[in-house]
Amino acid sequence: MNIRGYRRPDPNTQPPYLYPAYRSTRRRAPTKPLIVLPHTLSEITGPVYGHEDVGELDDDLTRQHHGEPLGERIIVSGQVLDEDGHPVRHSLVEIWQANAAGRYAHTNDNHAAPLDPNFTGAGRTLTDADGWYRFVTIKPGAYPWRNHENAWRPAHIHFSLFGHAFATRLVTQMYFPGDPLFPIDPVSQSIPDQKARERLIAHFDLGSAQSEWALGYRFDIVLRGREATPFEALA
Ligand SMILES: [Fe+2]
């Protein structure tokens, strides 16, 4: 069978494995040259998730407990497209984030900020027939980390997308416009291309806000597309 693989991303749009200012990359970066493996059927046909895997309230992080979480309620929505501009339909989008005080509901997080008993900070949904997703959540707080002295992560929401194949899998972070911590954050600044970095910043979107209820942010995501048919000029 002739397998059509996926394009490799432009290297300047992706963070390098080693970025010394982002301290943990010093330990986890590969020390040997990578081996490029050709795509096979298993990476381009799965995994596939069905509607039954996603619960009714999984896309509303403000309704997963008895009470309402504290913080600024927001709606985060966007369209998932492939590199050719086609919507990525019915595919899994997962998010996880800190609460409004900048604390994760996780045993490894010992930041001296309060936990919120009404906020777990994890959600998932499937894109619709046009590639759209939508979450209702709370705006996360910034939090300190031990990368360097007085280091703080800008407010962010972690995203995981599978697309239609393992080769399109994307794990990334969404940031908020105007955050003063973004330009000094080694994680996001490790991406060489400035335009690519800015694609990680959501847009404030009054159109997706809900009157007297929640503000809206739009975050569109592009996953790897299949190789387009090569163009051949008429000789
Ligand atoms: Fe985080």
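Everything here concerns the structure above.
Attention in this report is confined to the structure presented alongside it. (Residues numbered from 1 in each chain as written. Predicted model: local features only at pLDDT ≥ 70, side-chain atom pairs only at ≥ 80, totals over all residues. Heavy atoms only, no water.)

Examining the coordination of the iron ion
And step 1. The coordination sphere of the iron ion, as far as protein atoms go, consists of Tyr104 (OH), Tyr143 (OH), His156 (NE2) and His158 (NE2), spread over 1.9 to 2.2 Å.
And step 2. Around the iron ion, the four donor atoms are arranged such that angles at the metal cover 91 to 159°; this shape is classified as irregular.
And step 3. In primary sequence terms, the donor set of the iron ion follows Y-x38-Y-x12-H-x1-H. Here the residue Tyr104 occupies a position in the loop between β2 (92-96) and β3 (122-126), and His156 occupies one in strand β7 (residues 156-161), the gap between them amounting to 52 residues. Considered together, Tyr104 and His156 belong to a single accessibility category, that of buried residues. (Donors = N, O, S within 2.8 Å, 3.2 Å for Na, K, Ca; no water. Tetrahedral: all angles 85-135°; square planar, octahedral: opposite > 155°, others 65-115°. Helix = DSSP H or I, 4+ residues; strand = E, 2+ residues; numbered from the N terminus. Buried < 20%, exposed > 50% of the residue type's maximum accessible area, 1.4 Å probe, protein only.)

Regarding the environment of Asn108
And step 1. With respect to the element layout, Asn108 can be found in the loop between β2 and β3.
And step 2. C-alpha separation for the pair Asn108 and Ala151, spaced 43 residues apart in sequence, amounts to 18 Å.

What to know about the pattern of salt bridges
And step 1. Using the criterion set out here, one finds seven salt bridges in the structure.
And step 2. Of the charged contacts, one joins Asp185 and Arg153 as a salt bridge, the two residues approaching to 2.9 Å between their closest N and O atoms. Separated by 32 residues along the polypeptide, Asp185 in the loop between β8 (170-175) and α3 (186-189) and Arg153 in strand β6 (residues 151-153) bring together distant segments of the chain. Each member of the pair Asp185 and Arg153 is classed as buried. (Salt bridge = Lys/Arg side-chain N within 4 Å of Asp/Glu carboxyl O.)

Description of the packing of aromatic side chains
And step 1. Within this structure, the stated rule accounts for eight aromatic pairs.
And step 2. Arranged with centres 5.8 Å apart and planes meeting at 70°, the rings of Tyr133 and Phe159 form a pair that is edge-to-face. Taken together, the residues span a long stretch of sequence, with Tyr133 in strand β4 (residues 132-138) and Phe159 in strand β7 at a distance of 26 residues.
And step 3. Between Tyr175 and Phe182, the aromatic rings sit 5.0 Å apart at their centres with planes inclined by 65°, giving edge-to-face as the arrangement.
And step 4. Put simply, the rings of Tyr133, Phe135, Phe159 and Phe219 pair up and form one aromatic cluster.
And step 5. The ring of Phe176 carries the charged tip of Lys139 above its face, separated from the ring centre by 5.0 Å.
And step 6. The ring of Phe162 carries the charged tip of Arg169 above its face, separated from the ring centre by 4.2 Å. (Phe/Tyr/Trp six-rings, centres within 6.5 Å; stacked < 30°, edge-to-face > 60°. Lys NZ or Arg CZ within 6 Å of the ring centre and 35° of its normal.)

Focus on the sheet that holds β2
And step 1. Reading across the sheet, the four strands line up as β3-β2-β7-β8 and stay open at both edges, with antiparallel pairing between neighbours. Two strands in the sheet have a free side with no partner beyond their single neighbour: β3 and β8. Going from strand to strand, the sheet's axes swing by 20° on average, the running direction of each strand aside.
And step 2. Of the pairings in the sheet, the one linking β7 to β8 comprises six bridges and is antiparallel in character. Across the sheet, His158 pairs through a bridge with Gln173, a residue of β8. (Pairing = 2+ DSSP bridges. Axes fitted to C-alpha atoms, helices over the stretch in contact; angles between N-to-C directions.)

Some points on unusual backbone geometry
And step 1. One non-glycine residue, Asn150, adopts positive backbone phi at about 60°.
And step 2. Inspection of the secondary structure assignment puts Asn150 in the loop between β5 (143-145) and β6.
And step 3. The exposed category is assigned to Asn150, whose relative accessible area is 62%.
And step 4. One non-glycine residue, Glu212, lies in the positive phi region at around 60°.
And step 5. Tracing the backbone shows Glu212 in the loop between β9 (203-204) and β10 (215-218).

Take it as geometry only, folks, not as evidence of what the structure does.
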